[in-house]
Amino acid sequence: MGHEQRARVGAELVRDRVALVERIVAEVHAEVPAYRALHGSQLAEVRAIVSWLVTRSLDLWAAGADRLPPEDVERLRDIGGSRAADGRSIDAVVRAHRVGSVAAARIVAEYGSDVLDPADAFALGELWLTSIDQISESLTAGHAETARRLDADLEQARRAFLDDLLVGRQSSQGAIRDRSRTLGINPPDPGVLVVAEAGRVQQGAEPPAAAASAGTELLDRAGLALPGPLRTVRSGRAVLLVSPEDAGRLRTALAGERRRACVLGPRPLADMSAAHRLADGALGTAPPHAFGADGLLGEADACVLALLNGGPVTPAAVRRAVLGPLLDTSHAHLLETLRAFFREGAATAAAASLHVHAQTLRYRLRRVRELTGHDPYRPWPRFVLETACAIAS
């Protein structure tokens with residue numbers, strides 16, 4: 001086959017580019033653990049890069065080229081720098097490109113197995129082998145250059161540390177301890193993760209720069225001195241890691257700023273990746289009435305939303321997060337009362353079914369609110385409680 005026939009095969013692949021890109025991204029997602037934590041704008045960027053590289057490679061193959069031109073190498077260098085800036089390790093980035101290249105080669109073989117001759121296959125193989133080498137060198141160079149610049153800035157390094165926690169790259173206590181010592185910080189363990197929208201409720205969404213500014217403003221308002229708690233920006237939202245002791249002050253600041261946010265319960269630093277997916281997913285899926293007067297979601301809200309939307313939570317975790325103290329045998333009567341209230345639909349009917357005075361039942365419901373923080377008379381808290389009660393023990 002000649003260049004014209006290669007161009008026809010390439011054009012056929014480009015026509016199915018969306019499906020082609022999705023297959024490659026799916027393989028990268030399955031093979032590279034760091035890429036499983038990506039979502040939203042990050043995944044969109046991965047798809048855009050895959051689409052560009054595949055289309056560019058097919059064009060170069062059709063033209064008889066055996067390597068990427070300088071302008072593509074420079075673009076890859078910039079991509080490597082961007083990955084350092086958003087906290088992705090160079091090993092994961094390079095591996096993702098290798099996995100993607102193998103997947104792309106397999107797909108090309110599927111499309112052209114009946115028309116490609118050995119010369120075409122060798123030409124494509126030579127181009128991709130050379131390109132992988134260029135891609136690895138360019139990504140590594142760009143990543144290293146940016147990493148050196150970031151490491152020179154302590155605040156950027158602190159942010160990169162939190163970014164690593166959020167994507168699961170610091171998964172052992174030893175690694176966390178060593179990195180903390182190097183940065184001269186003592187992150188709270190357990191810590192409380194807070195994810196907040198950049199804009200105030202009445203202003204709507206703002207760009208990522210506003211999210212960074214929002215994190216600083218919230219810490220200032222809470223009286224938490226800089227550099228203070230770790231903070232970063234992920235998917236256009238401010239992310240803060242504070243101690244359990246400081247979490248209450250930050251909640252007050254968030255309510256005062258009228259920023260929608262999710263404040264989770266304390267958990268080990270090694271669990272922050274799952275925590276971020278839980279909180280970020282809650283902010284992205286919560287209906288407006290879930291936020292209440294203070295604009296905040298808590299652990300129970302986030303767990304119920306994750307259960308409804310296929311997030312990283314188990315039914316047992318939802319029951320613990322929502323019902324908490326009610327699962328203790330000493331409060332079994334309160335849980336029974338709550339279930340009767342949901343079953344009957346009214347306090348008087350529930351009291352009758354339990355053979356207690358209506359005032360006794362109302363008192364028990366007040367105790368439910370005090371112990372769980374959820375008022376069974378209000379729509380969203382009632383939904384959260386009822387969902388947890390519906391889960392089999």
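A few points on the structure. Residue numbering note: each chain is counted from 1, following its sequence as written. The predicted nature of this model means local features are confined to residues of pLDDT at least 70 and side-chain atom pairs, given and counted, to a pLDDT of 80 or more, with totals for whole chains, interfaces and linings taken over all residues. Where side-chain values are given, they derive from all heavy atoms of the structure, hydrogens and water being excluded.

A word on helix α16 (residues 358-372)
Quick reminder of the rule: Elements are defined by DSSP. Helices are runs of H or I of four residues or more, strands are runs of E of two residues or more, and each kind is numbered from the N terminus. Multiplying 1.5 Å by the residue count of a helix minus one yields the expected span of that helix. Working definition: with a 1.4 Å probe on protein chains only, accessible area under 20% of the residue-type maximum means buried, over 50% means exposed, and in between means partly exposed. For this quantity, the arc is that covered by the directions from the helix axis to the C-beta atoms. Contact definition: two residues touch when any of their heavy atoms are within 4.5 Å.
For α16, built from 15 residues, the straight-helix expectation of 21 Å at 1.5 Å per residue is met to within 8% by its first-to-last C-alpha distance of 21 Å. Every buried residue belonging to α16 is among A358, L361, R364, L365, V368 and T372, and all of these are buried. Viewed end-on, α16 has its buried residues packed into an arc of 120°, placing them on one side of the element. Of the surrounding elements, those touching the buried residues of α16 are α13 (315-323), α14 (332-344), α15 (347-354) and α17 (379-390).

Observations concerning the packing of α15 against α16
Going by this rule: Working convention: axes come from line fits to C-alpha atoms, limited for helices to the stretch in contact. Angles between N-to-C directions cover 0 to 180 degrees. Throughout this description, any angle smaller than 35 degrees is read as roughly parallel, any larger than 145 degrees as roughly antiparallel, any in the 65 to 115 degree range as roughly perpendicular, and the remainder as oblique.
Their axes nearest at 8 Å, the elements α15 and α16 cross at an angle of 110°. Our classification of the angle between α15 and α16 gives roughly perpendicular. Between α15 and α16, the contacting residues are A347, T348, A350, A351 and L354 on the first element and A358, L361, R362 and R364 on the second.

Comments concerning empty space enclosed by the protein
In plain terms, the rule: Residues are said to line a cavity or pocket when one of their atoms sits within 4 Å of a point; the points come from a 1 Å grid over protein atoms alone, cavities being sets where a 1.4 Å probe fits but cannot get out and pockets being open sets with protein on both sides within 12 Å along at least five of seven lines. Grid points are joined across faces, edges and corners, and a volume is the space filled by probe spheres set on the points.
Following the criterion strictly, the structure yields three cavities of 30 Å³ or more and no others. One number sums up the size of the largest cavity: a volume of about 300 Å³. Looking at the largest cavity, it is lined by 23 residues, and the ones nearest its centre are I49, V50, L53, A96 and H97. Residue assignment for the lining of the largest cavity shows that the elements contributing at least two residues are α2 (17-31), α3 (41-63), α4 (70-85), α5 (90-112) and α6 (118-151). For the lining of the largest cavity, the element with the most residues is α3, which contributes seven residues.

A few points about the nonpolar core
The tendency in soluble globular proteins is for nonpolar side chains to be buried as a group. The criterion, for reference: Side-chain atoms within 4.5 Å are what join buried Ala, Val, Leu, Ile, Met, Phe, Trp, Tyr and Cys residues into a set we call a nonpolar core.
L297, V322, L323 and L338 are the most contacted members of the largest nonpolar core, which totals 58 residues. Once you skip the residues sitting within four places of it in the chain, L297 turns out to touch A261, C262, V263, A282, L283, A286, A290, F291 and L305. Formed by 39 residues, the second largest nonpolar core is a distinct cluster that contains V54, L58, W61 and I107.

Considering unusual backbone geometry
A cis amide bond links D189 with the next residue in sequence, P190, at an omega value of 10°. Relative to the assigned elements, P190 resides in the loop between α8 (173-183) and β1 (192-197). Of note in the backbone geometry, H355 takes a positive phi value of approximately 60° without being a glycine. Considering the arrangement of structural elements, one finds H355 in the loop between α15 and α16.

Observations regarding the pattern of salt bridges
What counts here: We count a salt bridge whenever a side-chain nitrogen from Lys or Arg sits within 4 Å of a carboxyl oxygen from Asp or Glu.
According to the stated counting rule, one finds 16 salt bridges in the structure shown. For R343, the salt bridge identified is with E344, shortest N-O distance 3.4 Å. Classification of R343 as exposed rests on a relative accessible area of 55%. Take E344: its relative accessible area is 36%, and that puts it in the partly exposed class. In the salt-bridge network here, residues are joined through shared partners; they are R56, E71 and D72.

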